[in-house]
Amino acid sequence: MKYFPLIWAGLWRKKARTIFTMLSIVVAFLLFGLLQGINQGFNQAVQNLNVDRLYTSAKTNMTDGLPYAYAARIKGVQGVRAVSHWTYFGGYYQESKNVIPAFSTDAEALFQVYRELTIKPEYLEAMKRTRTGALVGEKLAQQYHWKIGDRVPIGTSIWTDKQGSNTWQFDIVGTFEVPSAGMPSFYFNHDYFDEAAAFGNGVVHYYIVGIDSPTNATRISKEIDAMFENSTNETRTQTESAMMQMQLKQIGDINFIANSIVGAVLFTLLFLTANTMMQSVRERTSELAVLKTFGFSDGKVLGLVLTEAFLLCLFSAALGLVLAGLVFPALKPIFGDFKMPLVVVAMGAALAMLLALVSGLPPAWRARQLNIVDALAGR
Amino acid sequence: MKMWRQIGSVTAMNLRSIPQRLSTSLVIVIGIAGVVAVLVSVLAMSTGMIKTMNNTGRDDRALVLRNGSAAESGSVLSRDAVRLISDGAGIRRDVDGKPIVSAEGIRLVNMFKKGDGAEINVVLRGVGNKFQVLRPEFRILEGRMFNAAVNEIVVGKSAHAQFKGLAIGDRITTRGANWTVVGIFSSGGDSHESELLADIDTLNSAERRGGGAQSVNVQLQSTAAFQAFKDSLTSNPALAVDVYRERDYYRQQSRTIGRVISVIAYVVGGIMAIGAIFGALNTMYSAVSARLQEIATLRALGFGSTAMVISVLSEALLLSCIGGAIGAVLAWLFFNGHVVSTGGTATGQLVFELTVSPQLVVTGIVWACVIGLIGGLFPAVRAARLPVATALRAI
Amino acid sequence: MTALVSLRRVTKSYVRGKQKVEVLHGVDLDIRAGEFLALMGPSGSGKTTMLNLIAGLDQPTSGEVIVGDSRIDKLSRGALSDWRARNIGFIFQFYNLLPVLTAEANVEVPLLLTNLSRAQRRQRAQTALQLVGLADRAKHKPNELSGGQQQRVAIARAIVADPTLLVCDEPTGDLDRQNAEEIMNLLQALNRSQGKTIVMVTHDPRAAEYATRELHLDKGQLAHEEARHVA
């Protein structure tokens, strides 16, 4: 745009002031990008979860468990593809701080329910043949240098076997790739566990139900829960994302915290930017009057100042968001594969424009209303 | 002496002229208030949590868990184990000659928060009949203590405040039974105030689980008796247990989350502080620019550079302190005493009060001053170094 | 001979606080094309006010202001803006160059309101700078130029869009004698060789000597007039 030199001139009149204002905006939007990015990341992770899977647990609390017999009845519901289950083992390897997220399960059904997990068929076969067999996630196996054929002792503080021991021996018969960070990655046969455990027999913590189509999720959930209503073991069935949301909420209201902090930051920033723009225009009273003298209309002058505000805010905000985006890969260990969600960029742009408007409009209006004669006379 | 007088008069002049530069000065105040408010608020979470955890437990009480349990919820102790533990060395005896121990087990119950209706795991703790002797800090605030062999529970005051359906007379449903709330208790501000309590034998039989517990809590004869107690258990071949001082155990539990919150507080606060520094730099540079003629005149009159620097810095400091104080007060107003619940699913949730302690306020103001100092430094030096001739010509 | 600029029964009053102050009391004036008019008078005489009216920076309380074919007293604020862009070049006492722009860029500013291409604007600015003798300082910023040089850049800026009228408010007010002379010579040259119509307010009698006509104002009315012969 041909007016660019004028706008540039307006911005850089006081170098230090412009640079510091820009830096403040950059920092504010860096923070915004990080916080909202994390917030939205959680939201998206929850949305992306599989809706063709349901989780059935005891209504009173998951830890209360459900009878093993429920499996067959759930399988009978129309639309159910496969049913597997989890019973939490709570294991550790060698020392209690080496936590192993171990579960007893029906392995074959498990991999039918989790369609996205790939495993070699021969491993599943081996699992069926070996009562004490265990299937392990590849990363976990690498971490402890386990190979197929190893016999590993897994300790647990919860389950004692019938011999009175708290260390259980498992034979690793296969590995599988675990796509996401939160997925448990140590599975062994439920039959072995159930028979050997000194107590808690015949009980599972979660039924994992694979359904044919996500559109049937609500109907099937209702049907399952209705089947066991008013029994001694009432159930509650949820989709994976509902469950994840519930778990996230337990950590705390992340949404609220992120938004509050961002709100506080943006409010203070608004003040800073508005002050800068106002000062800048006040100092340029005579210059703006001169422009008007030469025929720049009131509207044009308003436009010039407003454009200045927009350039300042949008450029700095973009820089801040870019920086935030660069930091994201560093958060990988906590959040897994995380990129700056596009929605955050859009939100950032909108906020930057709002900032520009609110901080730029009053001074721009003042410039518009400037009376040439008074301004030139120094009034 | 002369220098001090110089400094004094220049500073006074500076400060007196602030009202003329009100909006620019407000930038520092508001910017720093924002940083401090956020920093103090977030740290209030970890302070509150640590305070709750530190308050939980005494040094002359011990906690026994199954060997290898990371936490109470992962521990399982059989009836026999409980009996053996109760026979350990160094346990104080009650007037009836029985050891003061409380075998306890926890269950998780789904409760709904009063505000947004979020579903949270709440701990229902079964306790032994010597519970009240073991914990003299336990007091019934309203209603009465539950009777054993009846399905009655008492609820902690934090739990009562946070969750729906925990008033006296309300009933909650667990797997095995319905329970009536008969009382509300306090226990010295510790983590038990977020819990529901019932008699352990009643709880076990309602759930048709075998007798047994997850932890055994023991009153020692004295703080020094801990080692003897621990040795007597670890040397017993029939037992496989971990023994902790009660206070140590709870402190450990809070450490991880406390650390995470502190990291978040300092990272976010740090980033905001950097932003605030730029804001402060902005303001102070403007302040100096606006008063170029004044400064030059003073320098020409013989006022030294030190006086200039100190006057600018004190202006920056004053504004920052005001901002910091405002921020701390805002944090205190909005968040002090605010009850918050947080925690993972396996261990149940923890309810505690956000605490804006005096230390936090001091921390906030210190941060404010540091920001102000850094923000004021370069402009201050500029004011001191200004070539007098050029400045005077600019008038 | 038809006048380029005509003022008919022009009055101008301001309201200051509660008082109405009349600055011009029914002034009549004709300025012919090619004239170099000096407006003089004590402070408060209304000369700057009259200048502002002629330049379209302000509008009279009553009366007519005609420049060329336009009744500029009847134009709206927006239309007046456009009119000024096409017809007026203004020179200020304190130069009023934009500090962050180079001399060249400063001179180009009035051309931004035209439809000329970038190259054409550049070309015109160069020409204007050449005319005032500062082509070699095109890339300098105002703070790198002396007072006299800055005023010359301002003059280049004032003429670059080829305006109908050059309006000057105390153009030598901030300059030393030598620079003042240079500026006045330049203005006179513009008037004589380019035929530029110039209206200048000044309180410096030496500056007024360069003009072809001298008008004195006192208390808002034309006091007396001195004509000068074109040498």
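Above: the structure in question.
As a starting point, this report considers the structure included with it. Every value quoted in this text rests on a predicted model; they were computed, and no experiment measured them. (Residues numbered from 1 in each chain as written. Chains lettered and ligands numbered in written order. Predicted model: local features only at pLDDT ≥ 70, side-chain atom pairs only at ≥ 80, totals over all residues. Heavy atoms only, no water.)

Now for the overall build of chain C. For chain C, the count of helices and strands is 7 helices and 10 strands. For 231 residues, the compact-globule estimate of 2.2 N^0.38 gives 17 Å, and the C-alpha radius of gyration of chain C, at 18 Å, lies within 12% of that figure. Counting only C-alpha atoms and orienting by the principal axes, one finds that chain C spans roughly 50 × 40 × 40 Å. Buried positions account for 54% of the 231 residues belonging to chain C. Within chain C, counting contacts between residues at least 6 apart in sequence, those at least 24 apart form 68% of the total. Summed over all atoms, the accessible surface of chain C reaches about 10,500 Å², with 45% contributed by carbon and sulfur. Placing the 29 positive and 26 negative side-chain charges of chain C at their respective mean positions leaves the two points 6 Å apart. (Helix = DSSP H or I, 4+ residues; strand = E, 2+ residues; numbered from the N terminus. Rg over C-alpha atoms; globule rule 2.2 N^0.38 Å. Buried < 20%, exposed > 50% of the residue type's maximum accessible area, 1.4 Å probe, protein only. Contact = heavy atoms within 4.5 Å. Areas by Shrake-Rupley, 256 points an atom, 1.4 Å probe, with all protein chains shown as cover. Lys, Arg positive; Asp, Glu negative; His and termini not counted. Charge placed at Lys NZ, Arg CZ, Asp CG, Glu CD.)

Another point: the packing of helix H1 (residues 2-16) of chain B against helix H10 (residues 305-335) of chain B. Residue and element names in this part refer to chain B. Between H1 and H10, whose axes approach to 8 Å, the crossing angle comes to 45 degrees. Accordingly, the angle class assigned to the pair H1 and H10 is oblique. Seen along the crossing, H1 lies across H10 with a hand that is right-handed. Contact with H1, carried on its side by Met3, Gln6, Ile7, Val10, Thr11, Asn14 and Leu15, involves Thr306, Ala307, Met308, Ile310, Ser311, Val312, Ser314, Glu315 and Leu318 of H10 and no other residues of that element. For the contact of H1 with H10, the per-class residue count stands at 9 nonpolar, 6 polar and 1 charged. (Axes fitted to C-alpha atoms, helices over the stretch in contact; angles between N-to-C directions. Parallel < 35°, antiparallel > 145°, perpendicular 65-115°, else oblique. Left-handed = near helix turned anticlockwise from the far one by under 90°. Nonpolar A, V, L, I, M, F, W, Y, C, P; charged D, E, K, R; others polar.)

Before going further, it helps to examine the environment of Tyr114(A). Residue and element names in this part refer to chain A. Topologically, tyrosine 114 is positioned in the loop between helix H4 (107-113) and helix H5 (121-129). On a C-alpha basis, the gap between tyrosine 114 and valine 358 in space is 51 Å, while along the polypeptide they are 244 residues apart. A distance of 2.6 Å separates polar atoms of two side chains, one belonging to tyrosine 114 and the other to tyrosine 55. (Polar contact = N/O pair within 3.5 Å; in protein donor to acceptor, adjacent residues only side chain to side chain.)

As a rule of thumb, soluble globular proteins bury nonpolar side chains together. Leu6(A), Phe29(A), Leu31(A), Ile261(A), Leu269(A), Phe296(A) and Met272(B) are the most contacted members of the largest nonpolar core, which totals 105 residues. If you tally residues by element for this core, the top one is helix H8 (residues 246-290) of chain B, at 15 residues. Filtering out sequence-adjacent residues up to four positions away, Phe29(A) remains in contact with Leu266(A), Leu269(A), Ala317(A), Gly320(A), Leu321(A), Gly348(A), Leu351(A), Ala352(A) and Leu355(A). Among the nonpolar cores identified, the runner-up in size contains 39 residues, and Ala125(C), Val132(C), Ala208(C) and Tyr210(C) belong to it. (Core = buried A, V, L, I, M, F, W, Y, C linked by side-chain atoms within 4.5 Å.)

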